[in-house]
Structures are given as C-alpha cells and as structure tokens.
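# Fold and contact review
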Amino acid sequence: MTSNGRLVAIVGSVVHSVAFGTLELITNGAVCHRNGIITAVFDLDKQPDAIGNVDEIIDHKGKLIMPGFIDAHCHAPQYAFTGTGMDLPLLEWLNKYTFPIESKFKDEVYARYAYDKAVRRHLKSGTTFCAYYGTIDLEASKVLAETVLTLGQRAFVGKVNMDRNSPDFYVEETSKGCDDAEAFARHVLGMTPSGKDFMSGVDRDSEATVEGMQAAGVATSAGFEKRPTLLNKADSPLVLPILTPRFVPTCTAEMMHRLGFISYKYGLPVQSHLSESIAEIAWVKDLHPDCSTYAEVYNSCNLLHSSTIMGHCCFSNAEERSLLHRKNATVVHCASSNFNLCSGVMDVRLFMADGIRVGLGTDVAGGHSASMLDCMRQSLVASRVVGFDQRGKDESSKTVSIHKTPVEYPPMSYMEMFHLATVGSAEALGMGDVVGNFKVGKVMDCLVVDTDCKDSPIDVFDHEGMIEKFQKFLFLGDDRNIQSIYVHGNKVNP
C-alpha cells in the first residue's frame with residue numbers, strides 16, 4: 001500500500017451509515033487508517049489533538065468524506081450500449097442488443113478499449129466496489145479483471161456462462177464453458193499474492209474434488225459454509241472471481257451443477273438473475289417443471305448459498321423468498337433496469353421484513369446509468385410506487401412477510417437508500433465486515449465530495465449546513481462533485 005505502514009488521517013466532514021436509516025455526520029472529522037485499514041474516527045471539535053501524532057494529514061476541510069458506493073449488479077460489456085435499446089421487454093432486448101454486443105468482446109482489442117471506458121466510468125461515478133458480469137469469452141473476461149486491478153477498483157468479476165437457448169454466434173459447449181469458468185477463477189486468484197497462496201491451499205485439499213466431496217457426504221451448497229474462502233476479510237484481494245451463470249434459461253442443469261462445484265471448491269460467490277419478468281418465470285417453469293420455484297432450480301444445482309447474489313427478484317413469491325432466507329442468499333434491487341425494460345418493481349421492504357439482505361445495482365445497460373446516485377434516485381421512486389399499491393388496503397389484504405408479520409410501507413428515506421448503496425450492498429456481496437462504512441477495522445474506501453466545485457450541478461446557500469449539502473449531493477450531484485476517490489487507502493485516478 002502507498003502509506004507503507006504510515007498512519008494517515010483524512011480530514012473533512014465525515015458522513016456514513018451506522019445502521020439502516022441512521023447516519024453519523026461529524027462536521028469537523030477525521031478518519032485515520034494505516035495500510036488502508038481504518039484505525040479510528042475522530043470528532044476534532046471534541047478531540048482537537050486527536051491527530052497530532054499521525055504521519056500524514058490529507059486536508060479536505062469543508063468537503064464531505066463518505067464511503068465509496070458499491071454496485072452489486074452490473075454488466076461491464078453492456079456499457080458499450082448504455083442509454084440505448086430501452087424500447088423492448090427483457091427477453092427481446094437480450095436477443096436484439098445484448099448478445100450481439102457481448103459477442104464483439106471476443107476481439108481482445110475491442111475488449112480492452114471498451115472495458116477501460118466502462119471501469120473508468122464506474123470509478124468516476126464514485127463506485128469503489130463493483131460486481132461485474134463479463135462475457136462468455138475467457139480471454140476477454142481476463143482483460144476485464146486485469147483492467148479493474150490496474151485502475152485500482154475493488155471488484156468481483158465473473159465470466160458469464162451460457163450453454164443453451166442462446167444464438168449460434170454466442171453460446172458455449174457445456175464442458176468447455178465450465179472448464180473456462182474454473183480457468184478464469186484461477187487466473188484471477190493468481191493475480192495477487194494472497195490469491196495465489198489460497199489457490200495453493202485449495203490444490204492441496206483432498207476434499208476440494210468431486211470424489212472428496214462425495215466421500216465427505218456433503219452437497220455443494222450445504223458444505224459451502226465449511227469451505228475456506230477469501231471473502232469478507234480485510235486482506236481479501238482487491239479483485240475476486242465470481243461464478244456467473246447468466247440465468248436458468250441459458251444454462252443447462254449440467255452446467256449449473258458443475259459451476260456449483262467450482263463455487264464449493266474455491267469458496268467463491270455466485271451471481272445470477274432471478275424472477276425478473278413474468279415471461280422469464282414462465283419460461284423457467286417450462287424448462288424445469290419439477291421445480292416449484294425459479295430459485296429452486298438454482299438450489300437443485302447447489303448454486304444457492306450464503307454467497308449467492310440474485311439480481312432483480314421482482315416477482316419472488318413467498319415460497320421463493322422463504323428458500324432464499326433459509327439459504328441466506330442475498331438479492332439486488334435494480335430499479336432503473338426494471339423500469340426501463342418494463343419488468344416490474346422489487347418490493348425492498350418485503351425482502352427486508354423477510355430477513356433477506358438487500359443491495360443496490362445499476363444493472364448497466366438495462367439500467368441507463370453507471371452512477372449509483374442515479375440508482376439511488378430510481379430506487380427511491382420505486383419505493384414510492386410500491387407504497388402507492390399499499391394505500392387503502394384493509395388488514396385482511398395487507399402484505400405479510402414469510403414470518404407472518406404485516407409489512408409497513410413508509411417511503412424509503414434518503415438515509416435508508418444511502419445505507420443500501422453502501423452498507424447494504426457490502427452485506428449483499430458478503431463483504432460487510434470489510435467495506436460499507438467507516439467502522440474501525442474496515443478498509444478505507446471513500447469519496448471526497450465538493451458540492452461547491454467548479455461547474456457543480458448543485459447550488460448551495462448560506463443557511464445550509466453539511467447535512468443539507470449531503471442531501472443535495474445525493475439528489476442533484478454527479479461525478480463533477482467527486483473530487484477524490486480512495487480504494488484501500490490509495491488514491492485512484494480514473
């Protein structure tokens with residue numbers, strides 16, 4: 001790390017979420033870190049001498065210091081057509097726009113050009129941690145992982161898998177696709193010293209084989225919690241692989257079973273899509289009539305566990321939500337995409353009442369912006385849409401959680417949505433002990449925000465304090481206001 005063991009204090013107006021809907025704002029504050037690990041947070045009005053012995057002070061007085069945003073669901077190659085193609089429902093949109101563009105990434109020159117732009121845009125927008133979907137191409141997916149690491153962003157990167165119901169120009173053979181998924185995982189782990197050490201341990205582990213797993217008598221998903229993992233540790237590599245079956249309609253059961261084993265073997269997270277649209281759910285039912293819900297298909301293939309992250313979930317019924325809860329899987333709300341493709345609206349408060357972790361995702365390019373600010377704004381609108389549907393309902397027709405308790409539907413506040421875009425997404429990605437706020441022991445991923453910068457889209461008036469400036473940034477700000485970005489204590493320059 002650039003601090004080389006030195007104690008560094010970043011000074012400014014510190015704001016972060018300490019609980020759902022609860023902010024801590026320290027107008028004259030300091031966050032201290034050593035080697036990127038937070039050691040203390042001070043209110044300098046109360047403890048003026050608290051940073052007198054630090055090795056370096058980075059002074060951002062008058063500016064906001066906040067955790068970096070965390071995008072829990074994003075398609076990196078689709079950035080190439082962001083803001084276009086919003087005229088079709090999901091399944092038609094995939095065939096007309098998504099698959100043709102993603103197939104272009106087999107050209108590594110094109111992949112390097114497009115991925116550089118995509119990752120830089122996400123970073124400029126304040127996303128310090130992103131869960132990326134790549135394409136089915138192994139070499140292009142390596143390019144994405146290498147680009148992320150070079151630019152200094154924290155990320156999960158997945159090579160997409162799909163071996164059926166896909167166009168002839170963009171489909172994998174089952175065995176090769178699975179072999180490529182494991183090769184990609186090993187490539188990403190091999191990019192960092194800690195990843196290499198971990199992989200060596202896996203290779204020595206006799207249970208990390210199909211035969212060893214069978215001998216131990218554990219199914220992949222059931223045994224996942226016992227497996228070694230690099231997740232949720234302060235020294236987790238900056239970039240980690242994530243298993244990425246696109247969704248059930250494009251993945252055979254054989255492919256999903258094999259991906260489930262790879263997840264078990266390396267202790268890796270899984271990301272996919274779930275119950276995004278009514279037509280999609282009906283298609284899954286036709287393909288897997290033996291499974292009572294869409295989520296049960298993933299579960300039957302050992303892909304549903306505590307490090308499984310499912311995007312959308314607009315139409316997850318009580319049985320499906322109950323399964324997600326039992327498996328401790330997480331969900332990602334992608335409001336912009338769901339509006340643009342007319343898919344539906346996810347009921348965030350219902351999932352939270354069910355005890356299911358919820359994060360936020362831009363879902364570029366179904367979502368039209370790489371900015372988590374836009375994501376939060378769209379999600380606030382979605383919460384009101386869901387709330388409208390609850391108006392005037394009598395007791396007998398109120399929504400009830402899987403725990404048999406009625407769900408309350410006050411509109412989401414900006415504080416709650418900020419929590420979901422930081423702490424919530426960190427927890428959804430299984431990294432809640434590492435990032436999301438400024439708790440001691442977490443890593444220093446942060447943004448420096450200046451609401452008074454040149455060409456700012458925000459006008460600030462004399463009567464407004466830091467809490468008003470913070471709100472204005474969330475509702476009116478953009479990348480022009482983000483003056484500096486730090487990942488693991490290191491300043492990055494997208």
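This text follows the structure it describes.
Residues numbered from 1 in each chain as written. Predicted model: local features only at pLDDT ≥ 70, side-chain atom pairs only at ≥ 80, totals over all residues. Heavy atoms only, no water.

## So, the packing of helix α2 (residues 108–124) against helix α3 (residues 138–151)
The contact between α2 and α3 brings their axes to 9 Å, and the two run at 40°. Between α2 and α3, the crossing angle belongs to the class labelled oblique. The crossing of α2 and α3 is right-handed. Where α2 abuts α3, its residues E108, A111, R112, Y115, D116, V119, R120 and L123 lie against E139, A140, V143, L144, E146, T147, V148 and L151. Looking at the contact of α2 with α3 residue by residue, the class counts come to 9 nonpolar, 1 polar and 6 charged. (Axes fitted to C-alpha atoms, helices over the stretch in contact; angles between N-to-C directions. Helix = DSSP H or I, 4+ residues; strand = E, 2+ residues; numbered from the N terminus. Parallel < 35°, antiparallel > 145°, perpendicular 65-115°, else oblique. Left-handed = near helix turned anticlockwise from the far one by under 90°. Contact = heavy atoms within 4.5 Å. Nonpolar A, V, L, I, M, F, W, Y, C, P; charged D, E, K, R; others polar.)

## Some points on the nonpolar core
Ranked by internal contacts, the top residues of the largest apolar core, which has 124 residues, are M66, F69, Y132 and Y298. In terms of residue count, α3 provides more of this core than any other element does, 7 residues in total. With near-sequence residues (within four places) excluded, M66 lies in contact with V15, F418, F438, D445, C446, L447, V449, F470 and F473. Core analysis: the next-biggest nonpolar cluster, separate from the first, contains 13 residues, V14, I26, C446 and Y486 among them. (Core = buried A, V, L, I, M, F, W, Y, C linked by side-chain atoms within 4.5 Å. Buried < 20%, exposed > 50% of the residue type's maximum accessible area, 1.4 Å probe, protein only.)

## Considerations on the sheet that holds strand β17 (residues 490–492)
Reading across from one edge, β3-β2-β1-β4-β15-β16-β17 is the order of the 7 strands in this open sheet, with mixed pairing throughout. Unpaired on one side and paired on the other, β3 (37–43) and β17 mark the two borders of the sheet. For this sheet, the mean angle separating the axes of adjacent strands, direction not counted, is 40°. Examined bridge by bridge, strand β1 (residues 7–19) and strand β4 (residues 56–67) share 6 bridges and lie parallel to one another. Following the sheet pairing, V11 is matched in β4 by D59. (Pairing = 2+ DSSP bridges.)

## A few points about the packing of aromatic side chains
For the structure shown, the criterion picks out 12 aromatic pairs. When the centroid spacing of 5.3 Å and the interplanar angle of 85° are considered together, the rings of F129 and F156 count as edge-to-face. Separated by 27 residues along the polypeptide, F129 in strand β6 (residues 127–133) and F156 in strand β7 (residues 154–158) bring together distant segments of the chain. The same class applies to F129 and to F156, which are both buried. Ring geometry for F247 against W283: centres 6.5 Å apart, planes inclined by 90°, an arrangement best described as edge-to-face. Here F247 is found in the loop between β10 (244–245) and α8 (253–266), whereas its partner W283 is found in helix α9 (residues 278–287), with 36 residues between them in sequence. Residue classification places F247 among the buried positions, given a relative accessible area of 3%. Through pairs of rings, three or more aromatic residues link up here, namely F69, Y414, F418 and F470. (Phe/Tyr/Trp six-rings, centres within 6.5 Å; stacked < 30°, edge-to-face > 60°.)

## Some remarks on the side chain of Q153
Along the chain, Q153 falls in the loop between α3 and β7. Polar side-chain contacts of Q153 include one of 2.8 Å to the backbone oxygen of T127. Apart from residues lying up to four places away in sequence, Q153 is in contact with V119, H122, L123, T127, T128, F129, C130, Y132, V148, L238 and V239. (Polar contact = N/O pair within 3.5 Å; in protein donor to acceptor, adjacent residues only side chain to side chain.)

From the geometry alone we can't say anything about function, so treat these as descriptive.
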